[in-house]
Amino acid sequence: MLKSKTFLKKTRAGGVMKIVREHYLRDDIGCGAPGCAACDGAHEGPVLEPQPLDPASSLCPRPHYLLPDTNVLLHQILSVWRPGTWASVASSLRLPGSLETYVEQEQGENANDRNDRAIRVAAKWYNEHLKKISAENHLQVIFITNDKKNKEKAIEEGIPAFTCEEYVKSLTANPELIDRLACLSEEGNEIESGRIIFSEHLPLSKLQQGIKSGTYLQGTFRASRENYLEATVWVHGDTEDDKEIILQGLKNLNRAVHEDIVAVELLPKNQWVAPSSVVLHDEGQIEDDVEKEEERERILKTAANEKMLKPTGRVVGIIKRNWRPYCGMLSKSDIKESRRHLFTPADRRIPRIRIETRQASALEGRRIIVAIDGWPRNSRYPNGHFVKNLGDVGDKETETEVLLLEHDVPHQPFSQAVLSFLPKMPWSITEKDMKNREDLRHLCVCSVDPPGCTDIDDALHCRELENGNLEVGVHIADVSHFIRPGNALDQESARRGTTVYLCEKRIDMVPELLSSNLCSLRCNVDRLAFSCIWEMNHNAEILKVRFTKSAINSKASLTYAEAQMRIDSAAMNDEITTSLRGLNKLAKILKKRRIEKGALTLSSPEVRFHMDSETHDPIDLQTKELRETNSMVEEFMLLANISVAKKIHEEFSEHALLRKHPAPPPSNYEILVKAAKSKNLEIKTDTAKSLADSLDRADSPTFPYLNTLLRILATRCMMQAVYFCSGMDNDFHHYGLASPIYTHFTSPIRRYADIIVHRLLAVAIGADCTYPELTDKHKLADLCKNLNFRHKMAQYAQRASVAFHTQLFFKSKGIVSEEAYILFVRKNAIVVLIPKYGLEGTVFFEEKDKPKPRLIYDDEIPSLKIEDTVFHIFDKVKVKIMLDSSNLQHQKIRMSLVEPQIPGISILADTPNMDIDEPERKKKKREK
């Protein structure tokens, strides 16, 4: 059936246009209920569940289906779903435009009222229709709405209707479900229910006007880890010099949460403050003790000279909430039988959240997930609700789940939709696959990787040509052959962005069939590759370069140690070993030439855990050993990436996906320069070349580890390397590699950026066709933004995994004493590095309930004088290492000074630490 609506519209030219809008209403859509004779054969798409709900409900004793209104469903779902998925949820909530349930908007009726009426009409129609299935004990449709007027109208029309809370409370068999209900906003009850703490957020229309006029500034709210009463706002699109605005005090933070997009108002200059050096953690009182907060805020406002003052502001409104589900622990209320408790997030930047639960005793000591529902003006903390119980604190699987969730690492199993695009097994290379592809299976190709590696991205070969030159090939897994643009597999790979390597597991970017099998360049099997092949002379000078899709058959999968052994063994002269020796010789020349151009050789302490084969607990921890073969592989991967970057930029000047490494601002190097100066060394930082040369010269015969320490410190001064679209940027330079252009081509199994680069290169050499998104620089820029975020989160997740396994190691090992070197000196502590374990930690000199020592801090040298002992950067000390479990939420490795001996500060190496068993003592105290 067709319904149409006609109206006239005036055009810009002054004419009149007749507009006709048509609605096509169907009469062949079934109700979806199984066994309905009236609709037999009319079911299209998903049907209702075969078994209707028949729970032990005190309100609805008969079998029934639930029909929630849109607001109920959205409010409950959006409280736990991440932003970005909302639109797809909203679009799935619409009922079909059926002839019998269609309602037109009446005159004077707004869209929301029309939608409410449409849902009521659908509910009424279903209740009448379902009587036909079973007249005696007919099914019911229960209407769920939190809108008071909507509920009243439904009841007047004879529709069974309840609020979400009423219905869930009636489920006597599942009383715990009430905890999972999203809280309704309390904005309307603020005045009646308590003292107003925060100022009102301005409406979006006023914020937009204010931002346009310059009255307000828009930016991302970044809460401080160290001080819960302080935050910064990074202003969008502002100049580099004046990008950061500081916020201090509860009222100026005004209910913003980390990563929210906010509008801020700059305060007058006489109210500007300096960043606080005070470490202040929220103690989390249930009571809204605002006076106590104000007292703490006064501690922040220490005297500061004018140079230290920063632009200071206050939050006037929220432009976009970026709330997500948060992992953490319940801080159970001391009030007996209380249902209201505080939840403490694992991330210190997130405020505590007030939730109501009947399960407090069962949830104590467990990791849980909580979602924020709202933050009324009269509440010290936001309101939220319990979502999920993850497991016991300290349990390996639970803690791994927490770190993946907290770092937003997509880790759910691949969906059937994604897996449906995988090739069918058994798989082999076909004639069709060889189209536009060279057969290089005769070449002596081999791979060199860490032990246990199953996702082998790259393989190499080197052979002498008839003209006396050398042919060198880098062969990279042709993942783009299996992942075609736009399908579900491609979309999921793009969303994940990168493979995440944890200590005990790997979160793959692509399904295992590809990552560990069909794309992995394992030995003695045919594999599809994308090859970069150079003709070089014996001085590693490139004479020619060509790119081709290929088929290869690797002759060996070696570890770095095995490849090194072959190179060093005089007894081995087979084709694989000869190829490796040729590659190693050329790599040394390439590296020397790179360093001469100003490439940096930096250092960072990386650790490797040896796991118990049964318990999978770490039983040994040591720093990774690097061999010549590590450098050999790295040199050819760098060369391939540079060669490919030049080619794709040459072909796609506006649409190439490249990677750059910005030069650090001079201020970043201050600590490095001062540290070197304290050891009578000079570090020049005006260019990457001068920095590299300075680091090469910075040596001490009496202190061989000094150069490594300087390189570790230099690493901390660097900026983050990022992906970008060539048409959206002018600065292509890679500072660390001293290369004018660079990209990622060599790891497509574990990086999505490389897949895009493969597609660009394939089009450039005529091996594949292009598609619209590949040459849309705005879409490419958005993709780069996601990839940069995913890579950063993967790094953080990996560090968190190392930190957790280090805790497990020292938990089983007990207390140990080791030599350490000072990396940084602080006002009340020293940060040390323990080379044996690649472990970094802080030795504090001020402890609660202990007399404060005499501390003199000198920022210029830099140094810290404790009583009569002076500590400088790079000084050798001895520390005691132990696991501090006094805070279950934030267990940490704790370090205490053993040597040099300072009375009242240093401890004996074998002195036990009384705080380690603090949780156990608290537990016994509660039991008493």
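Residues numbered from 1 in each chain as written. Predicted model: local features only at pLDDT ≥ 70, side-chain atom pairs only at ≥ 80, totals over all residues. Heavy atoms only, no water.

Looking at this structure, how should I read the overall build of the protein?
Each helix and strand counted, the protein has 23 helices and 36 strands in total. Within the protein, the fraction of its 928 residues that count as buried is 48%. Pairs at least 24 residues apart make up 66% of the contacts formed inside the protein by residues separated by at least 6 positions. A total accessible area of about 47,500 Å² is found for the protein, and carbon and sulfur atoms account for 50% of it. (Helix = DSSP H or I, 4+ residues; strand = E, 2+ residues; numbered from the N terminus. Buried < 20%, exposed > 50% of the residue type's maximum accessible area, 1.4 Å probe, protein only. Contact = heavy atoms within 4.5 Å. Areas by Shrake-Rupley, 256 points an atom, 1.4 Å probe, with all protein chains shown as cover.)

I'm lost on the side chain of arginine 377 in this one. Help?
Mapped onto the elements of the fold, arginine 377 is located in the loop between β14 (366-374) and β15 (383-392). Under the relative-accessibility criterion, arginine 377 is labelled buried at 16%. Among the polar contacts listed, one links the side chain of arginine 377 to the backbone oxygen of phenylalanine 198, at a separation of 3.1 Å. (Polar contact = N/O pair within 3.5 Å; in protein donor to acceptor, adjacent residues only side chain to side chain.)

So what exactly am I meant to see when it comes to the sheet that holds strand β36 (residues 892-899) here?
In any sheet, the strands associate via hydrogen bonds between backbone groups, in a parallel or an antiparallel arrangement. What the 5 strands build is an open sheet, ordered β31-β30-β29-β35-β36; its pairing is antiparallel. Both edges of this open sheet fall to β31 (839-844) and β36, since each of them pairs with a single strand only. Across this sheet, the average inter-strand angle for adjacent strands is 45°, counted without regard to direction. Of the strand pairs in this sheet, strand β30 (residues 829-834) and β31 are connected by 6 bridges, and their pairing is antiparallel. For alanine 829, the partnering residue across the bridge sits in β31 and is phenylalanine 844. Each of β29 (816-825), β30 and β31 touches helix α20 (residues 706-716); the most contacted strand, β29, lies at about 55° to it. Strands β29, β31, β35 (876-884) and β36 of the sheet are contacted by helix α22 (residues 777-813), whose axis makes an angle of about 55° with β36. (Pairing = 2+ DSSP bridges. Axes fitted to C-alpha atoms, helices over the stretch in contact; angles between N-to-C directions.)

Before we go on, may I ask you to explain the packing of helix α18 (residues 670-677) against α20 in this structure?
For any two helices packed against each other, the geometry is given by the interaxial angle and the distance between the axes. Where α18 contacts α20, the axes come no closer than 9 Å and their chain directions differ by 160°. Judged by the inter-axis angle, α18 sits roughly antiparallel to α20. The element α18 and its partner α20 pack so that their crossing is right-handed. Within the contact between the two elements, α18 uses Ile671, Leu672, Ala675 and Ala676 and α20 uses Leu710, Leu713 and Ala714. Residue composition of the contact of α18 with α20, grouped by class: 7 nonpolar, no polar and no charged. (Parallel < 35°, antiparallel > 145°, perpendicular 65-115°, else oblique. Left-handed = near helix turned anticlockwise from the far one by under 90°. Nonpolar A, V, L, I, M, F, W, Y, C, P; charged D, E, K, R; others polar.)

Explanation requested: the sheet that holds strand β33 (residues 863-866) in the structure shown.
Overall, antiparallel pairing links the 3 strands, which are arranged β32-β33-β34 in an open sheet. Two strands in the sheet have a free side with no partner beyond their single neighbour: β32 (855-858) and β34 (869-872). Neighbour to neighbour, the strand axes of the sheet diverge by 15° on average, direction disregarded. Two elements, β33 and β34, share 4 bridges in a ladder whose sense is antiparallel. Among the inter-strand pairings, isoleucine 866 is bridged to a residue of β34, identified as threonine 869.

Just checking my understanding: could you explain helix α15 (residues 560-568) for this structure?
Residues that lie three or four places apart on an α-helix share one face, since the helix turns once every 3.6 residues. Listing the buried residues of α15 in full gives Tyr560, Ala563, Gln564, Arg566 and Ile567. One side of α15 holds all its buried residues, which, seen down the axis, span an arc of 160°. Looking at α15, the residues exposed on the side facing more than 90 degrees away from the buried face are Met565 and Asp568. On the buried face of α15, the contacting elements are β17 (446-449), β24 (556-559), α16 (575-596) and α17 (628-651). (Arc of directions from axis to C-beta.)

Teacher, can you tell me more about the packing of aromatic side chains here?
Scanning the entire structure with this criterion turns up 12 aromatic pairs. Measuring from centroid to centroid gives 5.8 Å for phenylalanine 198 and tryptophan 375, while their planes differ by 80°, and the two rings are edge-to-face. Of this pair, phenylalanine 198 sits in the loop between α6 (190-193) and α7 (204-213) while tryptophan 375 is found in the loop between β14 and β15, placing the two residues 177 residues apart along the sequence. A single burial state applies to phenylalanine 198 and to tryptophan 375, both of which are buried. Here the aromatic cluster, defined as three or more aromatic residues joined through ring pairs, consists of Phe703, Tyr705 and Tyr821. Geometry around phenylalanine 414 places arginine 496 over its ring, the cationic atom sitting 3.9 Å from the centre. (Phe/Tyr/Trp six-rings, centres within 6.5 Å; stacked < 30°, edge-to-face > 60°. Lys NZ or Arg CZ within 6 Å of the ring centre and 35° of its normal.)

Teacher, can you tell me more about unusual backbone geometry here?
Note: most residues except glycine have negative phi, and most peptide bonds are trans. Put simply, methionine 425 and proline 426 share a cis peptide bond, and its omega is 0°. Examined against the element boundaries, proline 426 turns out to sit in the loop between α12 (416-419) and β16 (438-439). The backbone of alanine 540 sits at a positive phi, close to 60°, despite the residue not being glycine. Assignment of secondary structure puts alanine 540 in the loop between β22 (526-536) and β23 (542-553). On the accessibility criterion, alanine 540 (2% relative accessible area) is buried.

Where do I start with the packing of α15 against α16 in this structure?
In contact at an axis separation of 9 Å, α15 and α16 are set at 95° when each is read in the N-to-C sense. Classified by the angle between their axes, α15 and α16 sit roughly perpendicular to one another. Along the contact surface, α15 presents Ala563, Arg566 and Ile567, while α16 presents Ile576, Thr577, Leu580, Arg581 and Asn584.

Just checking my understanding: could you explain the pairing of strand β19 (residues 470-477) for this structure?
Successive residues of a regular strand alternate their side chains across the two faces of the sheet. Burial runs high along β19: 8 of the 8 residues are buried. Strand direction decides the pairing type here: strand β18 (residues 458-464) and β19, joined by 7 bridges, are antiparallel. Opposite glutamate 464, over in β19, you have leucine 470 as the bridge partner. With 8 bridges joining them, β19 and β22 adopt antiparallel strand pairing.

I'm lost on the pattern of salt bridges in this one. Help?
Here the idea is simple: oppositely charged side chains can pair when their charged atoms come close. Taken as a whole and assessed by the stated rule, the structure comprises 47 salt bridges. The salt bridge partner of lysine 660 is aspartate 729, with a shortest N-O separation of 2.7 Å. Here lysine 660, found in strand β27 (residues 657-660), pairs with aspartate 729, found in the loop between β28 (722-725) and α21 (752-764); they are 69 residues apart in sequence, far enough to count as distant. Close ionic contact of lysine 679 with aspartate 875 constitutes a salt bridge, the shortest N to O distance being 3.0 Å. You can see lysine 679 sitting in the loop between α18 and α19 (688-697) and its partner aspartate 875 sitting in the loop between β34 and β35, a full 196 residues away along the chain. Here aspartate 875 falls in the buried class, since its relative accessible area comes to 18%. (Salt bridge = Lys/Arg side-chain N within 4 Å of Asp/Glu carboxyl O.)

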